[in-house]
Amino acid sequence: MNEKVLQTLEYYKIINKLADKAGSEPGRKMCQSLRPHTDLSVINEAQTQTSDALSRLFRKGSTSFGGNKDLGYTLKSLSIGSAVSIAELLNIAGLLENVNRIKAYGKNEREDDEKDSLDDFFAALEPLAFLSQEIRRCILSEDEISDDASPDLKHIRRSIRITNDKVHSQLTGMLGGSCRTYLQDAVITMRNDRYCIPVKAEYKNQVPGMIHDQSSTGSTLFIEPAAVVALNNQLKELALKEQEEIKRILADLSVQASLHVDAISQNQKIMTLLDFIFAKASLAMEQNATVPLFNTEGYVNIRKGRHPLLDKKKVVPIDVYLGKDFDLLVITGPNTGGKTVSLKTVGLFALMGQSGLHIPALDRSELPVFTEVYADIGDEQSIEQSLSTFSSHMTRIVSILKQADRNSLCLFDELGAGTDPTEGAALAIAILDYLHKKNIRTMATTHYSELKVYALSTPHVENACCEFDVNTLQPTYRLLIGIPGKSNAFAISSKLGLPEHIIQAAKAQISQENTSFEDLLADLELKRVTIENERLEIAAYKEEVKQLKEKLQTKQDKIQETKDKILREANEKARDILQEAKDVADETIRIFQKAGPGASMKDLERTREQVREKISGHNSKLSIQPGQPRKKPPAPKQLKLGDSVKILSMGLKGTVSSLPDHKGNLFVQCGIIRSQTNINDIILLEDEPVTKPSFSPRSASNGMKMSKSYTISPEINLLGKTVDEALAELDKYLDDAYLSHLSSVRIVHGKGTGALRKAVHGHLKKVKYIQSFRLGEHGEGDAGVTIATFKS
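Residues numbered from 1 in each chain as written. Predicted model: local features only at pLDDT ≥ 70, side-chain atom pairs only at ≥ 80, totals over all residues. Heavy atoms only, no water.

1. Some points on the sheet that holds strand S24 (residues 770-775)
Ordered by their spatial adjacency, 4 strands build an open sheet running S22-S23-S25-S24, and the pairing between neighbours is mixed. This sheet does not close on itself; its edge strands, each paired only once, are strand S22 (715-717) and S24. Within this sheet the neighbouring strands show an average axis-to-axis angle of 20°, counted without direction. Where strand S23 (residues 744-748) meets strand S25 (residues 785-790), 5 bridges bridge the pair, whose relative direction is antiparallel. (Pairing = 2+ DSSP bridges. Helix = DSSP H or I, 4+ residues; strand = E, 2+ residues; numbered from the N terminus. Axes fitted to C-alpha atoms, helices over the stretch in contact; angles between N-to-C directions.)

Right under this line is the structure:
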């Protein structure tokens, strides 16, 4: 691709964004060198790699290639047998450790996971863990070699520490002894890597030794006492030995690394390539981009494309298609309406796609492979307007006409502008017609009405416009293909306050033909907006019908499922009934056969009666008894807390635990289950008769009906129980007593220490349906009893 179009379409801004996504310097350099390809197989391979990396980012999250450093010079030094520095060895270790992490990241989670285009790169990485571990064992940082790097280094450093201690001991003795009065300060200092003490200048002869330095004023001399000269010399020798041993260690590590130069070099190349590929994937993720489909027919079909340099939350997506039904698209409309953005979006998408980058558009967007892209857009125009002159435009256009062929994409902004409108329009038509006859994919923006007429009257040439809302004086930035646009100069000027008489005078200067043409465009636009609104309304109705249809289908499926379940259960019950009938018949036959001819009629009649009662019992379970109409649901005022009811839809019995609300909804306690139902789904039950034991034979034979309250004692005895046991039993007793409609109860807790009485009173305060409570009076049990009264 020519350098000019890369600058014009702001391709390098995309490359800079891409480079920012790379994690290593070699990766960034590779990103900066990316240029569009023209080989379809290379393009498809690059797009596949980007897609596979993007898929891994979604599955596993991001990874880092920061340990990938440029080792070119280091590897050359190793290949010729040279020793390398500490920093270079650490870079090698860092690379190998990063290789190990990336190789682990690239492993498939399961053996049956589908392979992708990056698997071979991950498989080719060699972590060389033994080498990186050896480097890390010997080198702690760029400034420090480990004592354990070699036995000799450990011994030398131990000797240095011992000698240092001797020097400090010797000098410390001098500082606290007779030399104290000669010293400027009682400190030990270093000069020229030798231990010294600061001596006042007038006492220099009192401290024998070597002078190494003096202060700026000359009042202090830094003297190495003669007593430590030998020790300082020993330290110097040990320091030299230490450096020699470090050099030997680095040389040994360099030799080990040189044995794997090829593997390290291969690792770096793969890591750089992977960093580059994952940078492309990260950019695609940031832009919500998708892989474009490439074709060889020169067909462009961008679906909801967004210019990648504009804010994705604000930019209006555009649909652009070119090369199938028409190869020339003429875009008209007012300034700042988005015409130039549309041109740049198509051109930039072509460059990005052929560079292996995803494009910010909907999936299944299509692009051809262009051998060259040409763009004549003003140098200073980023998105808003062109400031280039007619001559500079024409110079560029002449160059384009010489080089463009049927595999090129040509983009012209304000073609023919900057000169006489009549001549400019004629030139623009001639240039576009020349490109059209050569089947070159071309897009051009213009304000000339002549070009609109040319597009309307020429086969395989199409008009387009950028929509503009005259009422708000704001562009909508929507690209509408098939509709020529209006400049709306008069409407915009009127809205901005230009006097009406000036606007009318301007309109008088326009020929009747041009006025009629503009009016026709306005009428077409009005009809288009109307049709578009109707289309959206129809689409909304269709969506609503679709949802209703889905709901109806779901309901029918549920009904069918319920029906099948009922039939299945009925069949099972019928089978059980038939089996039972057969068993009864077999039993009856067996009984008659066993009775034989000698059986009496009385015995046979008794047997027949037993069989008939058994059958009648089963029939009564399966049939609805006549004369037993369904009870009416109770009125809300009839219900009281604790009433026994039956939930008809569930067939469960329970007690009312809350009164109905304004909708008739209430809660019923069915055993341990508290169920919400409606008053229309329940019926009141009579309290079940309970036979009270009596010493009277008459009462024992007849029995008597008693309510549940008869079975609940009005007194509970908590004596001898712990507080926890007593409260648990009391809580259950109060619930039963309240539901049994007792007005009050007597709680016996005894006097004792008063702990149980205090706990009982505390519990009663928390119970919502207790109206009041008091200690018993004389004759009721005094302080050993509490009387609790329920709310009515």
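2. Here we look at the sheet that holds strand S5 (residues 209-214)
Across a sheet, strands are paired by hydrogen bonds formed along the backbone, either parallel or antiparallel in direction. Overall, antiparallel pairing links the 4 strands, which are arranged S3-S4-S6-S5 in an open sheet. Taken across any chain shown, the strands that pair with only one partner, and hence form the sheet edges, are strand S3 (189-191) and S5. Mean inter-strand twist for the sheet, computed between neighbouring axes without regard to direction, equals 50°. Taken together, the 3 bridges between S3 and strand S4 (residues 194-200) define a ladder with antiparallel strand orientation. The residue bridging Thr-189 from the neighbouring strand is Cys-196, located in S4. Against the sheet, helix H9 (residues 151-176) touches S4 and strand S6 (220-225), its axis set at about 10° to S4. Across the sheet, helix H10 (residues 229-258) is in contact with S4, S5 and S6; its angle to S4 comes to roughly 145°. (Contact = heavy atoms within 4.5 Å.)

3. Remarks on the pairing of S23
By the bridge criterion, 3 bridges tie S22 to S23 in an arrangement that is parallel. Counterpart to Ile-716 in the pairing with S23 is Ile-747. Traced from S22 through helix H21 (residues 723-739) to S23, the parallel crossover comes out right-handed. (Right-handed = clockwise from strand over helix to strand, strands pointing away.)

4. Some details on empty space enclosed by the protein
Scanning the model with the defined rule gives 1 cavity of 30 Å³ or more in all. In this structure, the largest cavity occupies an estimated 30 Å³ of space. The wall of the largest cavity is formed by Asp-376, Phe-390, His-393, Met-394, Ile-397, Glu-414, Leu-415, Gly-416 and Ala-417. Here the lining of the largest cavity gets 4 residues from one element, more than from any other, and that element is helix H13 (residues 390-403). (1 Å grid on protein atoms, 1.4 Å probe; cavity = no way out; pocket = protein on both sides within 12 Å on 5 of 7 lines; lining within 4 Å. Points joined across faces, edges and corners; volume = space filled by probe spheres on them.)

5. A few points about the confidence of the model for the chain
Per-residue confidence for the chain gives a mean pLDDT of 82; residues scoring 70 or more make up 84%. Averaged pLDDT values for the elements of the chain fall to 38 in helix H20 (residues 697-702) and rise to 94 in helix H2 (residues 11-21). A low-confidence stretch, residues 688-710 (pLDDT under 50), is modelled with 19 contacts involving residues beyond four sequence positions or located in other chains. (pLDDT = per-residue confidence, 0-100.)

6. Brief notes about the pairing of strand S17 (residues 644-647)
One face of the sheet, then the other: side chains in a regular strand alternate in exactly this way. Alternating residues of S17 divide into Val-645 and Ile-647, all buried, and Ser-644 and Lys-646, none buried. Note that S17 and strand S18 (residues 652-656) share 4 bridges and pair antiparallel. Along S18, the bridge assignment pairs Val-645 with Gly-654. Taking the residues between adjacent antiparallel strands as the criterion, S17 and S18 are bridged by 4 residues, where Gly-651 takes a positive phi near 70°. The pairing of S17 with strand S21 (residues 682-684) spans 3 bridges and is classified as antiparallel. For Val-645, the partnering residue across the bridge sits in S21 and is Leu-684. (Buried < 20%, exposed > 50% of the residue type's maximum accessible area, 1.4 Å probe, protein only.)

7. A look at the side chain of Gln-354
As for its position among the elements, Gln-354 is in helix H12 (residues 339-354). With relative accessibility at 0%, the residue Gln-354 sits in the buried group. Those residues in contact with Gln-354 that sit more than four places away from it in its chain are Met-1, Pro-36, His-37, Thr-38, Ile-43, Phe-294, Pro-368, Val-369 and Phe-370.

8. So, the pattern of salt bridges
With the rule as written, the count across this model stands at 24 salt bridges. Residue Lys-339 pairs with Glu-414 through a salt bridge whose shortest N-O separation is 4.0 Å. Here Glu-414 lies in the loop between strand S13 (408-412) and helix H14 (421-437) and Lys-339 lies in helix H12, a separation of 75 residues in the sequence. We classify Lys-339 as buried; its relative accessible area is 4%. For Glu-414, a relative accessible area of 16% corresponds to the buried category. (Salt bridge = Lys/Arg side-chain N within 4 Å of Asp/Glu carboxyl O.)

9. Structural notes on the packing of aromatic side chains
Per the stated rule, a full pass over the model turns up 8 aromatic pairs. Between Tyr-105 and Phe-278, the ring centres sit 5.9 Å apart and the planes meet at 70°, which makes this aromatic pair edge-to-face. Of the two residues, Tyr-105 sits in helix H6 (residues 86-106) while Phe-278 sits in helix H11 (residues 261-287), which places them 173 residues apart along the sequence. Between Tyr-738 and Tyr-769, the ring centres sit 4.4 Å apart and the planes meet at 5°, which makes this aromatic pair stacked. One end of the pair, Tyr-738, is in helix H21; the other, Tyr-769, is in the loop between helix H22 (755-766) and S24, and 31 residues separate them in sequence. Through a chain of ring-to-ring contacts, three or more aromatic side chains come together here, namely Phe-65, Tyr-105, Phe-122 and Phe-278. Over the ring of Tyr-105 we find Lys-60, and its NZ or CZ is 5.6 Å from the ring centre. (Phe/Tyr/Trp six-rings, centres within 6.5 Å; stacked < 30°, edge-to-face > 60°. Lys NZ or Arg CZ within 6 Å of the ring centre and 35° of its normal.)

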